[in-house]
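For reference, the chains in residue letters:
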Amino acid sequence: MPIADRYLAEDEELVYYTRQHWTTLVSEFVLLLLVVAVTGAVAWFLPDEDWADTALWVVLGLGVLAALWLWLIPMLQWRSTVYVLTTRRLHKRSGFLTKAGRSIPLARVNDVAYSANLWERIMRYGTLTVQSASEQGKMTLRHVPDPEMFKSKIYQQLDQLDDEPAGT
């Protein structure tokens with residue numbers, strides 16, 4: 001995946017790349033529908049006065065601002081949050097204006113656990129917690145699609161690291 005290539009060092013290969021599960025955006029979509037409905041209702045019930053045209057533009061402008069704030073910004077945050085597993089590291093990157101990122105070398109991973117409640121199991125996502133032997137301690141990946149598969153991919157890479165001869 002070309003977008004993930006920028007996270008790779010020269011001696012690494014991409015193993016797995018994913019975003020947060022789409023259900024992260026459900027509440028934002030409901031808010032968008034609510035904003036559209038409220039904006040439409042207010043515009044519909046505006047009185048037929050001299051100032052109605054100006055009021056209509058104000059209502060539509062406020063509706064657009066609310067839609068940007070409540071839907072577009074969370075959508076961009078979701079789009080920019082990625083989880084990347086390489087042959088050497090696990091990455092978590094997020095942010096579209098201000099970026100944040102964290103990487104854990106696979107050689108320092110002590111434990112990988114996942115949790116998913118009933119709803120999350122039905123929708124096939126969950127939370128992955130990676131414990132490491134570093135100062136940070138652990139990395140929590142939320143809304144991971146198919147966390148059990150992601151966990152098994154991490155353990156497969158750990159096994160391959162253990163099988164490599166020392167010095168490579």
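For the structure itself, look to the data block above.
Residues numbered from 1 in each chain as written. Predicted model: local features only at pLDDT ≥ 70, side-chain atom pairs only at ≥ 80, totals over all residues. Heavy atoms only, no water.

Q: Help me understand the overall build of the protein chain, please; the structure alone is not making it clear to me.
A: Within the protein chain, the regular secondary structure consists of five helices and seven strands. When its C-alpha atoms are laid out on the principal axes, the protein chain stretches across 80 × 35 × 30 Å. By residue count, 33% of the 168 residues in the protein chain fall in the buried class. Carbon and sulfur atoms provide 59% of the accessible area of the protein chain, an area that totals close to 10,800 Å². (Helix = DSSP H or I, 4+ residues; strand = E, 2+ residues; numbered from the N terminus. Buried < 20%, exposed > 50% of the residue type's maximum accessible area, 1.4 Å probe, protein only. Areas by Shrake-Rupley, 256 points an atom, 1.4 Å probe, with all protein chains shown as cover.)

Q: I tried to follow the packing of aromatic side chains on my own but got confused; where do I start?
A: The geometry of two aromatic rings is summed up by the distance between their centres and the angle between their planes. In this structure the tally under the stated criterion is one aromatic pair. With a centroid separation of 4.9 Å and an interplanar angle of 50°, the aromatic rings of Tyr16 and Phe150 are classed as tilted. A residue pair is termed long-range when its members are at least 10 positions apart, and Tyr16 in strand E1 (residues 14–19) and Phe150 in helix H5 (residues 147–163) qualify at 134 residues. Per residue, the accessibility class of Tyr16 equals that of Phe150, and both read buried. (Phe/Tyr/Trp six-rings, centres within 6.5 Å; stacked < 30°, edge-to-face > 60°.)

Q: Got a minute to help me understand unusual backbone geometry in this structure?
A: The general pattern is negative phi for most residues beyond glycine and trans for most peptide bonds. With a phi angle near 55°, His143 is a residue other than glycine that sits in the positive phi range. Here His143 lies in strand E7 (residues 138–145). For Asp146, which is not glycine, the phi dihedral falls at a positive 50°. Inspection of the secondary structure assignment puts Asp146 in the loop between E7 and H5. Given the relative accessible area of 23%, Asp146 is considered partly exposed.

Q: Is there a simple way to think about the sheet that holds strand E5 (residues 109–115) in this case?
A: Pairing between sheet strands relies on hydrogen bonds along the backbone, with the strands arranged either parallel or antiparallel. Strand order in the open sheet formed by three strands is E5-E6-E7, with antiparallel pairing between adjacent strands. With partners counted over all chains shown, the strands left at the sheet margins are E5 and E7, one partner each. In this sheet, neighbouring strand axes are inclined to one another by 20° on average, regardless of whether the strands run parallel or antiparallel. Where E5 lies against strand E6 (residues 125–132), six bridges are found, and the strand directions are antiparallel. Opposite Val109, over in E6, you have Ser132 as the bridge partner. Sheet contacts for H5: E5, E6 and E7; angle to E5, the most-contacted strand, approximately 165°. (Pairing = 2+ DSSP bridges. Axes fitted to C-alpha atoms, helices over the stretch in contact; angles between N-to-C directions. Contact = heavy atoms within 4.5 Å.)

Spatial relationships are all this shows, so hold off on functional conclusions.
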